[in-house]
Structures are given as C-alpha cells and as structure tokens.
Amino acid sequence: MTTYYSETVGLERTDPSLWRLRTDSLGRELWAYLSPEEAALEPQSTYVQHLLQVPEFPAPKPLRARTPFAAAQNGADFLALLQEDSGVFPCQYKGPMFMTIGYVASHYFTKTEIPAHIKIELIRYIVNTAHPVDGGWGLHSVDKSTCFGTTMNYVILRLLGLPATHVVVRKARKTLHRLGGAIGNPHWGKAWLALLNLYSWEGVNPAPPEMWMLPYAVPIHPARWWVHTRAIYLPLGYLSLSRAQCALDDLLSAIRTEIYTQDYASIDFSRHRDTVCGVDLYYPHTTLLNTLNAGLVVYEKYLRPNWLLKRAHRRVFELIQKEVENTDGLTIAPVSHAFDLIVAYIEGGKDSPTYKMLYSRVNDTLFHGPQGMVVMGTNGVQVWDAAFAVQYLFMAGLAELPRYRGVVARAYTLLLHSQFDTECVPGSFRDARDGGWPFSTKTQGYTVSDCSAEALKAIIMVKNSPVFGDLPQIEDTRLHATVDVLLSLQNTGSFHFGSFSTYEKIKATPMLELINPAEVFGNIMVEYPYVECTDSCVLGLTYFREHYDYRAAEVDAAIANAIDYIVSLQEPDGSWYGCWGICFTYAGMFALEALETVGRTYQNDATVKKGCDFLVARQLIDGGWGESMKSCETHTYVSTRAALVVQTAWAVIGLLLAQYPDRTVIARGVKVLMERQKENGEWVFEEPEGVFNHSCAIEYASYKFLFPIKALGLWCARYGDGPIH
Ligand SMILES: CC(C)=CCC[C@@H](C)[C@H]1CC[C@@]2(C)C3=C(CC[C@]12C)[C@@]1(C)CC[C@H](O)C(C)(C)[C@@H]1CC3
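Per chain, the residues get numbers from 1 upward, laid out in the order the sequence is written. In keeping with the model being predicted, local features are shown solely for residues with a pLDDT of at least 70 and side-chain atom pairs are shown and tallied solely at 80 or more, while totals for entire chains, interfaces and linings include all residues. Hydrogen atoms and water are omitted, and side-chain values are computed over all heavy atoms in the structure.

(A) Broad picture of the environment of K704. Numbering of helices and strands runs from the N terminus, with a helix taken as a DSSP run of H or I at least four residues long and a strand as a DSSP run of E at least two residues long. Assignment of secondary structure puts K704 in helix 27 (residues 703-719). K704 gets classed as buried once you look at its relative accessible area, which sits at 11%. Separated by 27 residues in the primary sequence, K704 and Q677 have C-alpha atoms spaced 9.9 Å apart. Contact partners of K704, with chain neighbours within four places excluded, come to V645, V646, W683, V684 and F685. At a separation of 2.9 Å, a polar atom in the side chain of K704 contacts the main-chain carbonyl oxygen of A701. We call a residue buried when its accessible area falls under 20% of the maximum for its residue type, exposed when it is over 50%, and partly exposed in between, using a 1.4 Å probe and counting protein chains only. Contacts: residue pairs with any heavy atoms within 4.5 Å of one another. Here a polar contact is taken to be a pair of N or O atoms separated by no more than 3.5 Å, where protein atoms must pair a possible hydrogen donor with a possible acceptor and residues adjacent in sequence count only if both atoms sit in side chains.

Structure, rendered in structure tokens:
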C-alpha cells in the first residue's frame with residue numbers, strides 16, 4: 001500500500017478495509033465507516049477495493065492486448081469492476097480546493113461535531129495535496145499556492161484540530177505570510193473568514209440581497225444570473241446583510257494571530273474590501289464594480305431603511321427554502337449548500353425543517369479516496385458518466401456482447417431513474433425540467449443541456465437494441481419530453497443564436513460580467529454559449545430524429561442553427577476553445593463529432609478539415625496528444641511534453657469521426673493508448689481532464705476508460721481489428 005505524505009508527518013489514517021460506499025437507485029453516493037463486525041457482514045465493492053488500493057481487489061489478468069479491440073475489451077472488463085450495482089460509476093470528483101471549507105466552517109458555525117473518521121480523512125486529503133515545495137494550496141489541486149487556497153485549507157486544518165506547531169501547519173503559515181497573509185483573500189474567502197470571526201464584514205464587499213426584490217423584468221435581476229452564481233449570492237447576501245459571525249473562542253483567537261502578517265487588532269478591514277493577493281487575481285474588478293461597491297457601502301451604512309433590510313432577509317430565506325424543496329436539501333452544489341445551512345441555522349435553528357433537510361444531505365458531496373476525503377465539486381458525475389458508458393460501449397461494438405450486457409443494463413437503468421418527472425416549485429425562478437436530465441442525480445434537480453442530450457442518445461441506443469428488449473422500457477413520450485426541454489434551452493434570442501448553454505438559456509447580457517465580484521473565476525455571472533454543450537445537443541437531436549419524427553421541423557431547425565453556430569465559433573486556426581474539458585482538444589473532438597452527424601467530413605467540409613489539421617499539427621513526437629490546463633487560462637493551446645491518454649483518445653476520436661485520411665497519424669495515437677494501458681486492462685490517472693470557469697481544474701476519473709474504449713472501438717470500426725504497425 002502506498003505511503004502518503006500524511007503518514008510521514010505522523011498523521012493517523014483510518015482503516016481502508018472498513019469503508020463502504022453505498023449508492024442507491026437514484027445514484028446517491030454515501031460513504032460509511034463500519035466497525036469490524038459490521039464490515040465482516042457487508043463486503044466492499046470492487047470499486048472501493050480498487051479506489052482504496054485494498055489488496056483483495058480482484059484485478060483482471062487478461063492476455064496482453066495485441067490488437068485495439070482486445071485493448072478495448074480489457075479496458076471494458078476493468079471498467080465493469082468500477083461500476084456499482086446501482087449502475088453508478090462512482091468517482092472522487094476532485095480538484096477544486098475551495099469546497100471543503102464550507103463543510104468544516106458550517107459545522108463549526110453551527111457547533112456540530114464532525115465524526116472522527118471523517119475528520120481524520122479530511123485532514124489527510126488536505127495534507128496530501130499540499131504543494132510539495134511551499135506547503136500551500138491553490139484554487140485547485142494542480143495550481144500554484146494562492147492566498148485563497150492556502151488560507152481556506154490552513155483554517156480547516158486548525159479547526160479540525162491540527163496544532164499551530166504541526167510541521168504542515170507551520171510550513172503553510174510561512175507560505176501564507178509570504179503571500180501577504182489572509183487579508184488578500186478574494187470575496188468568497190473573506191466571507192468564509194468573516195463567518196468564522198476571523199475577519200470583519202467591514203472588509204467584505206456588499207452583496208445586496210435587495211436585488212431579489214426587483215421585478216424580474218429588470219435586465220440584471222439575479223434570477224437571470226448563472227444558476228451557480230445566483231445560488232451562492234442568495235445566502236451570501238443574507239449573511240453579509242446580517243454580518244453573521246460565530247462567537248470568538250480560544251481557537252479562533254489563536255488563528256487570528258496566525259493568518260495575518262500584522263496584529264489583528266491593528267487591521268482596518270474596511271480598507272481591504274478590494275485587497276486581493278496578486279496570484280489569486282484571475283479576474284480583476286472593473287471600475288464599474290468598484291464604483292458600484294463604493295456606492296453600496298454608503299447605502300448600507302447610512303441609507304438602507306430597516307424595513308427594507310427585514311424584507312430582504314425574508315425574501316432571501318423564502319427563496320432558499322424553495323431551493324431546498326427543489327433539491328431535497330441538496331441545493332445545486334456544495335458552496336451554496338454550506339452557506340444555506342448557516343442561513344437556515346440562523347433563521348430557525350437545528351430543529352427547523354429547512355435546516356434538517358439541508359443537514360440530511362450534508363455528506364452527499366463528501367467522497368473518500370486513497371489520499372483522504374474531500375468535498376467534491378458536485379454530488380457526483382452519475383448521469384454524465386452513465387450516458388457516456390452506454391453510448392461508448394455501443395460505439396466500440398461491445399455493448400451487445402454478453403459479458404457487457406450487465407454493465408449497459410445497470411447504467412441504462414440508472415438513467416431511467418434519473419430523468420426529471422416533476423417541475424420545480426412555483427416562484428423559484430426555474431425553467432421547465434420535466435423530461436430533462438441532470439449532470440449528477442435526479443435529486444440535485446438541475447437540468448443540464450448536454451447531459452440531457454447525451455442521456456437521450458444513450459437511452460435510444462438501448463431502446464433500439466434487440467439484446468436489451470427485456471429491460472424496462474421508457475415511453476416514447478418521455479423522450480419527446482426531453483426534446484421539448486432541449487428545444488426550450490437553445491439560445492434563439494439575440495445572444496449567440498443557435499448555441500446551447502449549460503443549465504438555462506442566456507437570460508441576461510454578458511455585460512453583467514463587468515460586475516463579477518468573485519476575482520478568481522471568469523464567466524460566472526450569466527449563462528454563456530458553449531461549443532461543447534452545443535455539440536452534445538446536436539448529437540442528441542440528430543440521433544433522436546433518426547428514430548422519431550416528433551417536432552421534426554423544429555428539431556431540424558435547431559440542429560441547423562446549432563451547426564451554423566459551431567461553424568461560426570471556430571477560431572481562424574481551426575480550433576474551438578473548450579470550457580469544460582482541457583481544452584482545445586476536448587472541444588475539437590466534440591465539434592468534429594457533431595459535424596459528422598450532419599455529414600460533414602474532412603473530404604467535403606473546410607471547417608472539418610481545418611479542425612483536423614489543427615489537431616494533427618499538435619501531435620507529439622510520441623504519437624499522442626497532451627494539453628495543459630494552461631490552455632484554459634491563456635486561451636492558447638499549451639501542449640504537455642508527453643502524451644496524455646485522455647487527450648490522445650479525444651484527438652483520435654475526432655480524427656476518426658471526421659474521416660481524416662492519413663491512417664498512420666491516427667495509428668500512432670492508437671498505439672499510445674495501447675502502450676499506456678496496464679497489464680490488467682486499466683489506464684491510470686495522469687492529469688486533471690476537466691476545467692471550469694477558465695481557471696479551476698477538476699478530475700473526471702471515468703474519462704481515462706470511457707474515451708480510450710470509444711477511440712479503440714471506432715478505430716476497429718473504420719480500419720478493422722489487427723495489430724497496429
Ligand atoms: C464558480 C463556482 C460557483 C464553483 C462551483 C463549482 C461548479 C460551478 C462547477 C463544478 C462542476 C461543474 C464544472 C460542472 C458544470 C458546470 C459548473 C460546475 C457545476 C457542467 C454542468 C457544465 C456543462 C458541462 O458540459 C458539464 C456537464 C461537463 C459540467 C459538469 C460539471
């Protein structure tokens with residue numbers, strides 16, 4: 001078993017053999033730590049055995065794959081061991097380093113004890129992801145150390161019980177001081193510190209909740225903002241309005257003396273609302289925002305009438321309660337969940353229904369792993385991975401083989417259980433969702449355009465396969481409902497006509513980005529057009545119309561407009577910028593795949609030709625492709641030195657689907673996939689595969705199986721099986 005840094009600095013660990021991951025038919029993932037007696041009665045799944053490197057894991061011992069099809073099968077056999085009975089392919093959806101602070105700070109604020117086995121593993125994860133040189137933390141796990149990341153994770157370690165003298169804490173404190181101390185935190189960091197009484201609300205920029213009381217018709221109404229940003233600023237508005245802080249105690253008093261480079265009492269926090277450490281600052285304030293903030297500070301201090309303050313509190317809490325109802329207490333993601341939990345605690349205490357519903361979901365985003373436990377970016381990747389697994393096993397010619405029937409059937413069943421069949425509560429500023437699919441689980445409650453389209457395509461593949469006729473069938477009308485949702489999501493107004501965004505249409509001007517107060521993320525204020533989401537929606541709709549003629553004219557128009565949008569978005573050099581996967585390789589694959597569904601190939605289409613030539617020009621000496629997270633931040637292609645499996649698979653898929661003519665180019669990529677595959681059929685983690693908001697890396701653990709299997713299968717479909725020379 002690997003010895004982790006945390007063990008070398010004397011930190012305890014829990015017993016890997018006592019952890020169990022429990023998933024249910026809705027894809028909920030909950031970790032449990034059993035007693036030895038209980039553990040003896042409930043065997044560990046092969047997924048958990050593999051994840052925690054438990055020796056009992058029944059690693060396959062296949063013959064070394066000599067051909068692409070054999071490699072695809074070995075990969076699929078290994079993937080099957082990573083699927084739970086519920087159909088879920090669980091994964092530690094990790095990368096962002098600013099999620100766990102919510103879990104720990106909300107427990108501390110509400111004086112709720114965190115169980116020891118969770119504490120131990122939360123500490124381990126943070127210690128094991130400390131920057132190897134300076135011991136700090138960044139915005140994400142492969143980032144340089146930043147003030148935000150280092151402060152948040154330093155405070156967590158101290159709140160979870162590590163002493164200020166611990167070597168890890170000392171080293172991180174040194175880096176925090178080198179970064180100018182905690183005074184330089186971005187907005188969300190200042191808010192967390194203020195809630196913990198480690199900072200003053202005087203030094204936090206306003207987040208006026210009164211905006212929620214405006215008529216919806218107002219163009220900058222917060223209900224028109226991106227779902228994640230509005231979900232965070234809703235409770236944050238309440239908390240900054242009430243200046244909520246937990247009582248000062250000895251531990252907090254000590255931390256106050258550790259995280260600043262000057263005496264706490266001497267800090268005039270009101271002068272530091274805009275103080276953000278240079279390395280953190282990805283998205284500086286505009287003059288407009290600074291002017292607005294200055295005006296709001298005066299308004300809050302001298303002008304806001306008390307009756308309005310009370311009304312605003314009421315309005316915000318009412319909307320939080322609706323969010324809780326729409327998501328069964330989960331809320332859209334962990335950052336807002338933690339803020340909402342604190343608001344519910346202030347409003348009604350631990351016995352209030354809203355607090356109880358929120359707290360019942362507090363562990364839904366906690367996920368364990370060999371380095372320790374972390375709060376994930378969402379409550380999982382369930383629908384997204386299941387939809388790809390079903391599709392790609394079909395595309396690789398494996399799905400209908402007896403040995404993979406179970407894998408497909410279980411993933412398909414999860415998809416059936418995950419389709420939305422209710423609408424949100426009235427007055428929650430949410431669109432129709434009946435028929436849509438989420439990224440993670442039905443409980444999370446938020447339709448995502450590309451997840452709905454990819455799930456639709458997966459479902460139709462199974463529905464049309466004779467091999468799966470005995471599975472529960474989904475009515476055609478339920479698929480029509482999906483198309484209704486997809487058609488309702490396309491941007492058909494004046495913003496980026498024909499494109500698809502993530503959760504909703506673009507509802508407000510991208511000019512709102514001028515008042516993006518988060519400083520560490522780009523493009524979070526409103527919905528944006530995304531080439532990947534548009535591509536996926538084309539894939540879903542073109543596959544749908546091959547089998548159904550429901551709303552045929554509108555589907556045709558939606559596809560045509562989307563294709564025009566995709567073509568219009570191509571850069572002069574033939575690339576498309578990817579926002580959710582790293583980066584031009586990811587978006588290039590998706591775009592070429594979408595264009596192929598409408599018959600555009602290398603031979604007959606200039607856009608496709610340029611797209612392929614862009615990728616081929618970046619093939620590495622070793623025959624593969626590799627792209628760095630730096631591409632996302634700089635908006636230019638930044639190659640890695642050596643190939644990465646997932647991006648090589650993406651490039652191979654794009655070139656194959658575009659019918660790129662030079663077989664040898666693609667063969668070199670296929671060879672990399674086969675060489676990187678381990679004896680037992682697995683591909684191992686190399687680099688984070690995903691990104692969001694231009695600046696934060698996030699890992700998609702299933703991609704290293706899903707995309708190579710698809711690439712190898714598509715190669716065989718085009719060139720037949722047989723040794724690659
Ligand atoms: C800046 C903020 C608010 C941070 C909180 C984290 C969220 C915003 C992230 C975490 C996971 C995340 C990247 C995700 C997405 C949006 C932003 C998320 C939810 C979406 C749904 C966007 C559409 C993408 O095609 C895809 C479906 C892959 C992802 C899934 C993960």
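(B) Layout of the UniProt feature "domain: Squalene cyclase N-terminal" (unreviewed entry) in the chain. Per the UniProt entry, the sites bearing "domain: Squalene cyclase N-terminal" (unreviewed entry) are residues 76-353 in this numbering. Summarising residues 76-353: 51% helix, 0% strand, and an end-to-end C-alpha distance of 45 Å. UniProt positions are given in the numbering used here, feature names are shortened, and annotations may be inferred rather than shown by experiment.

(C) Layout of the nonpolar core. Grouped together as the largest cluster of nonpolar side chains are 251 residues, with contacts concentrated most on F98, W188, Y260, L415 and F521. Not counting residues up to four positions away in its chain, the partners in contact with L415 are V383, A386, A387, V390, W437, A455, A458 and I459. Among the buried residues, those of types Ala, Val, Leu, Ile, Met, Phe, Trp, Tyr and Cys that are joined through side-chain atoms within 4.5 Å form a nonpolar core.

(D) A look at the domain arrangement of the chain. What the domain assignment reports for the chain is domain 1 (59-88 + 575-724), domain 2 (99-265 + 291-375) and domain 3 (380-569). Start and end points for every domain follow an automatic or database-based domain assignment. Computed over C-alpha atoms only, the centres of domain 1 and domain 2 are separated by 37 Å. With 10 residues of domain 1 at the interface, the matching set in domain 2 holds 5 residues. As used here, buried area is the combined drop in accessible area, with a 1.4 Å probe, of two parts when they are placed together. At the boundary of domain 1 with domain 2, total buried surface from both sides reaches about 550 Å², with 65% on carbon and sulfur atoms. Salt bridge, as applied in this entry: a Lys or Arg side-chain nitrogen positioned within 4 Å of an Asp or Glu carboxyl oxygen. The interface formed by domain 1 and domain 2 includes 0 salt bridges.

(E) Broad picture of the environment of L234. Here L234 shows up in helix 10 (residues 227-242). Between the alpha carbons of L234 and L122 there is a distance of 27 Å; along the sequence they are 112 residues apart.

(F) How the structure looks around the site of the ligand. We call a residue near a given molecule or strand whenever any one of its heavy atoms falls within 4 Å of it. Every one of the 20 residues lining the ligand counts as a neighbour, but Y93, H228, F439, D450 and F692 are closest to it. Accessible areas in this description were obtained via Shrake-Rupley with a 1.4 Å probe; residue shielding takes into account the shown protein chains only. In the complex, the protein chains occlude 100% of the 630 Å² of accessible area that the ligand would expose alone. Assessed atom by atom at 2 Å from the grid points, the ligand resides in the largest cavity. Of all the elements in the fold, those that place two or more residues in the shell around the ligand are helix 10 and helix 18 (449-463). A 1.4 Å probe that fits into a set of points on a 1 Å grid over the protein atoms alone but cannot get out defines a cavity; an open set with protein on both sides within 12 Å along at least five of seven lines defines a pocket, and lining residues are those with an atom within 4 Å of a point. By definition, a pocket or cavity contains a molecule when more than half of the molecule's atoms lie within 2 Å of the pocket's grid points.

(G) Seen up close, the packing of aromatic side chains. Each aromatic pair joins two rings of Phe, Tyr and Trp (for Trp, the six-membered one) with centres within 6.5 Å, and gets the label stacked for planes under 30 degrees apart, edge-to-face for over 60, and tilted for any other angle. For the structure shown, the criterion picks out 49 aromatic pairs. Consider the rings of Y216 and F429, whose centres lie 5.7 Å apart with planes at 25°: the pair is stacked. With Y216 in the loop between helix 9 (187-195) and helix 10 and F429 in the loop between helix 17 (402-418) and helix 18, the pair connects residues that are 213 residues apart, well separated along the chain. Here Y216 falls in the partly exposed class, since its relative accessible area comes to 32%.

(H) Seen up close, empty space enclosed by the protein. Grid points are joined across faces, edges and corners, and a volume is the space filled by probe spheres set on the points. Summed over all chains, the structure comprises 7 cavities of 30 Å³ or more. Here the largest cavity is characterised by a volume of approximately 580 Å³. Around the largest cavity, the lining comprises 33 residues; the ones closest to its centre are W226, H228, Y503, W580 and F692. When residues of the lining of the largest cavity are traced back to their parent elements, those giving at least two are helix 10, helix 14 (334-348), helix 18 and strand 5 (690-692). Looking at which element gives the most residues to the lining of the largest cavity, the answer is helix 10, with 3 residues. Polar here means any residue other than Ala, Val, Leu, Ile, Met, Phe, Trp, Tyr, Cys and Pro, which are nonpolar, and Asp, Glu, Lys and Arg, which are charged; Gly is therefore polar. Considering only residue class, the lining of the largest cavity consists of 24 nonpolar, 8 polar and 1 charged. Of the pockets and cavities examined, the second largest cavity occupies roughly 160 Å³.

(I) Region of interest: the pattern of salt bridges. Enumeration according to the criterion identifies 35 salt bridges in this entry. Among the salt bridges present, the one from K119 reaches E113, with a minimum N-O distance of 2.7 Å. A single salt-bridge network, built from bridges that share partners, covers E7, R13, E121 and R124.

(J) Geometry of the layout of surface pockets. Quantified by volume, the largest pocket comes out at close to 960 Å³. Secondary-structure elements contributing two or more residues to the lining of the largest pocket are helix 3 (46-51), helix 6 (116-128), helix 8 (167-178) and helix 27. Its residues assigned to classes, the lining of the largest pocket comprises 25 nonpolar, 15 polar and 8 charged. Each of domain 1 (59-88 + 575-724) and domain 2 (99-265 + 291-375) gives at least three residues to the lining of the largest pocket. Taken as a whole, the second largest pocket encloses approximately 380 Å³ of empty space. Lining the second largest pocket are 23 residues, with P208, M211, W225, L296 and I515 sitting closest to its centre. Elements with a contribution of two residues or more to the lining of the second largest pocket: helix 10 and helix 12 (287-303). The element best represented in the lining of the second largest pocket is helix 12, accounting for 5 residues.

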